[in-house]
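This is what each chain is made of:
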Amino acid sequence: QVQLVESGGGLVQAGESLRLSCAASGSIFSINAMGWYRQAPGKQRELVAVITRSGRTNYEDSVKGRFTISRDNAKNTVYLQMNSLKPEDTAVYYCNAGVVTGTLRRYDYWGQGTQVTVSS
């Protein structure tokens, strides 16, 4: 079994910054892509940013230049540095990881979500 535990959400004012973390633990052989998604009230969950094991990244257009995704493969952890936050960034943020387990089977895992609220 694999668990993803997120931390770092909170309430900030527009223009401020937050850093989200997501640590994977359990029966892990390796982790492929890791990503952050978000879901605002009444909206579908959307991809915010993704990073491959080798470090290639991709971002949703509205966060380019403001958010930075990174990972520490030794710690099985992915980060999302969010700068210049806007009220429209308000959402529950979820971590996702493509994990190859100790039994060499691949599964997608999700974190429990962390609330980010940006006030104007």
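Residues numbered from 1 in each chain as written. Predicted model: local features only at pLDDT ≥ 70, side-chain atom pairs only at ≥ 80, totals over all residues. Heavy atoms only, no water.

Student: Teacher, can you tell me more about the overall build of the chain here?
Tutor: The helix and strand inventory of the chain stands at zero helices and eleven strands. Along the chain, helices (α) and strands (β) appear in the sequence β-β-β-β-β-β-β-β-β-β-β when read from the amino end. Taken over the C-alpha trace, the chain has a radius of gyration of 14 Å; the compact-globule value for 120 residues is 14 Å, and the two agree within 12%. Projecting the C-alpha coordinates of the chain onto the three principal axes gives extents of approximately 50 × 25 × 20 Å. Relative to its 120 residues, the chain shows a buried fraction of 39%. By sequence separation, contacts in the chain at least 24 residues apart represent 54% of the contacts at least 6 residues apart. Carbon and sulfur atoms make up 47% of the accessible area of the chain, which amounts to about 6400 Å² in all. Taking the average location of the 13 positive side-chain charges in the chain and that of its 9 negative ones, the two points are 7 Å from each other. (Helix = DSSP H or I, 4+ residues; strand = E, 2+ residues; numbered from the N terminus. Rg over C-alpha atoms; globule rule 2.2 N^0.38 Å. Buried < 20%, exposed > 50% of the residue type's maximum accessible area, 1.4 Å probe, protein only. Contact = heavy atoms within 4.5 Å. Areas by Shrake-Rupley, 256 points an atom, 1.4 Å probe, with all protein chains shown as cover. Lys, Arg positive; Asp, Glu negative; His and termini not counted. Charge placed at Lys NZ, Arg CZ, Asp CG, Glu CD.)

Student: Explanation requested: the state of the cysteines in the structure shown.
Tutor: By definition, a disulfide links the sulfur atoms of two cysteines through a covalent bond. The tally for this structure, following the rule as stated, stands at one disulfide. Two residues share a disulfide in this structure: Cys 22 and Cys 95, whose sulfurs sit 2.1 Å from each other. Every disulfide takes its handedness from the sign of the S-S torsion; for Cys 22 and Cys 95 that torsion is -80 degrees, giving left-handed. Residue Cys 22 is found in strand E3 (residues 18-26), and its partner Cys 95 is found in strand E9 (residues 91-101); the two are separated by 73 residues along the sequence. Classification of Cys 22 as buried rests on a relative accessible area of 0%. (Disulfide = S-S within 2.5 Å.)

Student: I tried to follow the nonpolar core on my own but got confused; where do I start?
Tutor: Soluble globular proteins: nonpolar side chains tend toward being buried together. Judged by nonpolar contacts, the single largest core of 29 residues is most densely connected at Trp 36, Leu 80, Met 82 and Tyr 93. Those elements that provide at least two residues to this core are strand E1 (2-7), E3, strand E4 (28-39), strand E5 (46-51), strand E7 (67-72), strand E8 (77-82), E9 and strand E11 (114-119). Ignoring any residue separated from it by four or fewer positions in sequence, one finds Tyr 93 in contact with Glu 6, Leu 20, Trp 36, Tyr 37, Arg 38, Val 48, Phe 67, Leu 80, Met 82, Gly 113, Thr 114 and Val 116. (Core = buried A, V, L, I, M, F, W, Y, C linked by side-chain atoms within 4.5 Å.)

Student: Would you explain unusual backbone geometry in this entry?
Tutor: It is generally the case that most residues other than glycine have a negative phi and that most peptide bonds are trans. A positive phi is found at Asn 76, a non-glycine position, where the angle reads about 50 degrees. Mapped onto the elements of the fold, Asn 76 is located in the loop between E7 and E8. In this structure, Leu 104 takes a positive phi of about 65 degrees despite not being glycine. Structurally, Leu 104 can be placed in the loop between E9 and strand E10 (106-110). According to the relative accessible area criterion, Leu 104 is exposed, its value standing at 56%.

Bear in mind that shape data such as this cannot, by itself, settle questions of function.
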